[in-house]
Amino acid sequence: MFHKALWMRNQKLAAPAVWAVYLSLFFFLPFSFFGRAQSLQTQAEKFNDTQLNFAFHGVEIALFLTLILVGFASLLLGQERTTHSTDLTFSLPFKRKDIFLSKWMFGVVHITTGLLINLLLCMLIIRFTILHEIADASFLLHFMALVIPFSIAIFTFSLFIGTIAGSIVSQFILSFIFLFFPIGFFSLVGTFLMYHGLELDMMYDVNGRFNSFGDFISIATLPVPIFEFAYYTDVVNEIDGSVMDYTRMPDYLVLLSPLLYFAVTFPLGIWFFSRTKNENNGRLLVFEKGKGFFSVGVVVCFALAFGMAGGGIFGSYDQPSLLGYYFSAAIGAVLSYFVLRKIMNIRLGLSK
Amino acid sequence: MLKMINVSKTIDGRQVLEHVNVTLEPGMIAGLVGRNGVGKSTLLRTLAGILDPDEGEVTFNEINIHQEPAIKQKLTYVPDSTEILKTYNVKEIVKLYDAIYEDFDVMYFYSLMDRFKLPKNRKLRTYSKGMKALFLMILSFSTKADFIILDEPTNGLDPIVKRNILQFIIEEVSERQLSVLISTHHLEEVEKIADVLIMMKDGQIESTTSIEDAKSSFRKVQAVYKHALPEKIANLNNVTILSQTGRVYTLMIKGNIQETMEKMQQEQPLLLEELPMTLEDIFISSLGGESHVS
């Protein structure tokens, strides 16, 4: 299954993303931690300040990390479709399944290594700087347990999108849209129901462990639980400088989310990649068969989104306009239908 | 032996390949010719395992190349695009190919680089188009594959390099039972080096013949009659008018040559003479005139 040649090929294809993974994580984690340690040190020395505090929020890294992961997967897969170098890769003596697995493994190894190295460096910075006095590095272990599975799931998901998208641009855009699809779609449906007199109870208890239906949707939206991670320390006693620290870690059950995403998108990715239609490279989608379903979905979503925006504009603050909602929805549907029809036939390619 | 068995392929709702059957024997140079858009590149990309056939199969030494791609250790494909490895330098490509192909001959590769005077310490993107095409061909031959598929290989090459590379292909084939399939619009190249001519028309194989047979089954003649070309001759199925200037007709006869010539004589021509014939004449008469170029 492991082919050195495919590893070399992936290295060349995704070199910018590999650098981006290591450098951006270094910048957002150890570099940032060290900077903060330095400024706390200065604060303590110059002002004899005992009210030192420190905070780390998942949101500081989550969005950029998602961007890098999706970019990584797009460079590995979509880029080949856009530059027509699939003609080289697919003519080589390797099974398509092995080509896909090599891309997945290449990404996972670099993402995991990048996160592990940089989080370990953060731990060392906490251990050997002033941060040691106010922060407990074990919060990084919790963060590690959260961010690594979610990162692998986001990367796998984006790679899976790459098996159905026909170019680097469509893979990148569709990955983002579908990564945030659960939260986005339910807000669109919620608004639709509201306009028809049915309030979607976002606080409805689905499961005792999850506070509400809204929480459930958040967890089903892959990057969101990383956003929610937080750690901060606060001074409890100003005299002796004793501190209390707090870690807001989503319930470990949220790890079921990346597991489920992985269990679905990884085998599906292999399946689709093995049956890929290279003749449609450069197009929005690689497979002809899913186009109808995809188009209906896009038109419905755009209609709901336009309805949501337009309903508010046409109505008053407490009396949204149903007519305005449908009028805007119709505009959204018609516009998206024509734009999509145009986009579907565009073949995006570079220098054949 | 490379076989394409009953392969059909539809792209964008258009049937590009229609029940195509091709068999290519070892030690043979085959030229694939056809007008633009008839499916030559689709055929080659399907042979190389890049495209999946909707129907039928491609086998190399009786092994299905789509199901067992490992067999492609002995089958390489050189696409018409020269941009595929442009971000690599020569050393990186050699390392990559050495890792891919078990029999890749590094020494041989560098000897060919010297022979064709290609610079070794540069990125491929700095090569000219012709140099890139030549480089990809050298790379392909250095894999020591038994079968090489070349899609428009001489595009962008100057006449001297073109002559050298054609000579090189002939040498390789004669030395080690290598088979080469060349898709090209340069018919004079096919005429020079190919043993077999495969003509494609509308997604189908129009004919597969040796160059000699192809030439012997056609005859190009110039005929002048007292008035216009007699209807008896013009209506013959095997006679195509290549050109007409006044009462001077250039005709191509396909098959039944002797019989047709006798019929033409019976109509008492003022002039009836044989003209030297090229593959291009056969191409035009078999695959359509200039007016339908797509």
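Residues numbered from 1 in each chain as written. Chains lettered and ligands numbered in written order. Predicted model: local features only at pLDDT ≥ 70, side-chain atom pairs only at ≥ 80, totals over all residues. Heavy atoms only, no water.

(A) Representation of the overall build of chain B. Looking only at helices and strands, chain B has 10 helices and 14 strands in total. When the backbone C-alpha atoms are referred to their principal axes, chain B occupies close to 70 × 40 × 35 Å. Per-residue burial over chain B gives 51% buried out of 294 residues. Contacts spanning at least 24 positions in sequence make up 68% of the contacts within chain B whose residues lie at least 6 apart. Separation between the mean location of the 33 positive side-chain charges and that of the 41 negative ones in chain B comes to 7 Å. (Helix = DSSP H or I, 4+ residues; strand = E, 2+ residues; numbered from the N terminus. Buried < 20%, exposed > 50% of the residue type's maximum accessible area, 1.4 Å probe, protein only. Contact = heavy atoms within 4.5 Å. Lys, Arg positive; Asp, Glu negative; His and termini not counted. Charge placed at Lys NZ, Arg CZ, Asp CG, Glu CD.)

(B) Structural context of the overall build of chain A. The helix and strand inventory of chain A stands at 14 helices and three strands. Each of the 352 residues in chain A was classed as buried or not, and the buried ones make up 49%. For chain A, contacts bridging at least 24 residues in sequence account for 77% of all contacts bridging at least 6. Taken as a whole, chain A presents about 16700 Å² of accessible surface, with 70% of it coming from carbon and sulfur. Averaging the locations of the 22 positively and 21 negatively charged side chains of chain A gives two centres separated by 25 Å. (Areas by Shrake-Rupley, 256 points an atom, 1.4 Å probe, with all protein chains shown as cover.)

(C) Spatial organisation of the interface of chain A and chain B. If you look at the interface, chain A gives 27 residues, while chain B gives 33 residues. The tally of links between chain A and chain B comes to five salt bridges. Its salt-bridge partner being B:Asp12, residue A:Arg283 comes within 2.8 Å of it at the nearest N-O pair. The tally of links from chain A across to chain B stands at 11 residue pairs in polar contact (both at pLDDT 80 or more). For the side of chain A that touches chain B, the elements supplying multiple residues, two or more each, are helix H1 (4-13) and helix H4 (86-89) of chain A. Looking at the side of chain A that touches chain B residue by residue, the classes come out as seven nonpolar, eight polar and 12 charged. (Salt bridge = Lys/Arg side-chain N within 4 Å of Asp/Glu carboxyl O. Polar contact = N/O pair within 3.5 Å; in protein donor to acceptor, adjacent residues only side chain to side chain. Nonpolar A, V, L, I, M, F, W, Y, C, P; charged D, E, K, R; others polar.)

(D) Summary view of the domain arrangement of chain B. Residues and elements named next belong to chain B. Structurally, chain B comprises domain 1 (2-213) and domain 2 (219-292). A straight line from the C-alpha centre of domain 1 to that of domain 2 covers 36 Å. Taken together, the contact between domain 1 and domain 2 spans 12 residues of the former and 13 residues of the latter. Taking both sides of the interface into account, the surface hidden between domain 1 and domain 2 amounts to around 1000 Å²; carbon and sulfur atoms contribute 69%. On the domain 1 side of the interface with domain 2, the three residues burying the most area are Arg35, Leu187 and Met199, jointly 58% of the side's total. For the pair domain 1 and domain 2, the interface holds zero salt bridges. The tally of links from domain 1 across to domain 2 stands at zero residue pairs in polar contact (both at pLDDT 80 or more). Counting residues per element, the ones that place at least two in the side of domain 1 that touches domain 2 are strand E3 (29-34), helix H6 (187-193) and strand E9 (196-201). Looking at which element gives the most residues to the side of domain 1 that touches domain 2, the answer is E9, with four residues. (Domains from an automatic or database assignment. Buried area = accessible area lost by both parts, 1.4 Å probe.)

(E) Representation of the packing of helix H3 (residues 106-115) of chain B against helix H4 (residues 129-142) of chain B in the model. Residues and elements named next belong to chain B. Close contact between H3 and H4 brings their axes to 9 Å; oriented N to C, the two are set at 150°. The orientation of H3 relative to H4 falls into the category roughly antiparallel. Note on packing geometry: the crossing formed by H3 with H4 is right-handed. Residues Tyr108, Phe109, Leu112 and Met113 of H3 touch H4, and the partners they reach there are Phe135, Ile138, Leu139, Phe141 and Ser142. Of the residues in the contact of H3 with H4, the class split is eight nonpolar, one polar and no charged. (Axes fitted to C-alpha atoms, helices over the stretch in contact; angles between N-to-C directions. Parallel < 35°, antiparallel > 145°, perpendicular 65-115°, else oblique. Left-handed = near helix turned anticlockwise from the far one by under 90°.)

(F) Looking closely at the sheet that holds strand E4 (residues 55-60) of chain B. All names here are of chain B. Strand order in the open sheet made by the four strands is E2-E1-E4-E5, with antiparallel pairing throughout. The open sheet has two edge strands with one neighbour each: strand E2 (14-24) and strand E5 (63-64). One ladder, built from seven bridges, connects strand E1 (residues 2-11) with E2; its direction is antiparallel. Counterpart to Leu2 in the pairing with E2 is Leu24. The sheet contacts of helix H1 (residues 40-47) involve E1, E2 and E4, and relative to E1 the element is tilted by about 125°. (Pairing = 2+ DSSP bridges.)

(G) Structural context of the sheet that holds E9(B). Residue and element names in this part refer to chain B. With mixed pairing, six strands are arranged side by side in an open sheet as E6-E7-E8-E3-E9-E10. Pairing within the sheet leaves two strands with one partner each, and these edge strands are strand E6 (75-78) and strand E10 (204-210). Shown here is a sheet whose adjacent strand axes are inclined to one another by a mean of 15°, direction ignored. For E3 and strand E8 (residues 179-183), the ladder comprises four bridges, and the chain directions are parallel.

(H) How the structure looks around H1(A). When we look at burial in H1(A), the residues that qualify are A:Ala5, A:Leu6, A:Arg9, A:Asn10 and A:Leu13. The buried residues of H1(A) occupy one face: seen down the axis, they fall within an arc of 135°. In this structure, the buried side of H1(A) is in contact with helix H2 (15-47), helix H3 (59-83), H4 and helix H5 (96-128) of chain A together with helix H2 (90-100) of chain B. (Arc of directions from axis to C-beta.)

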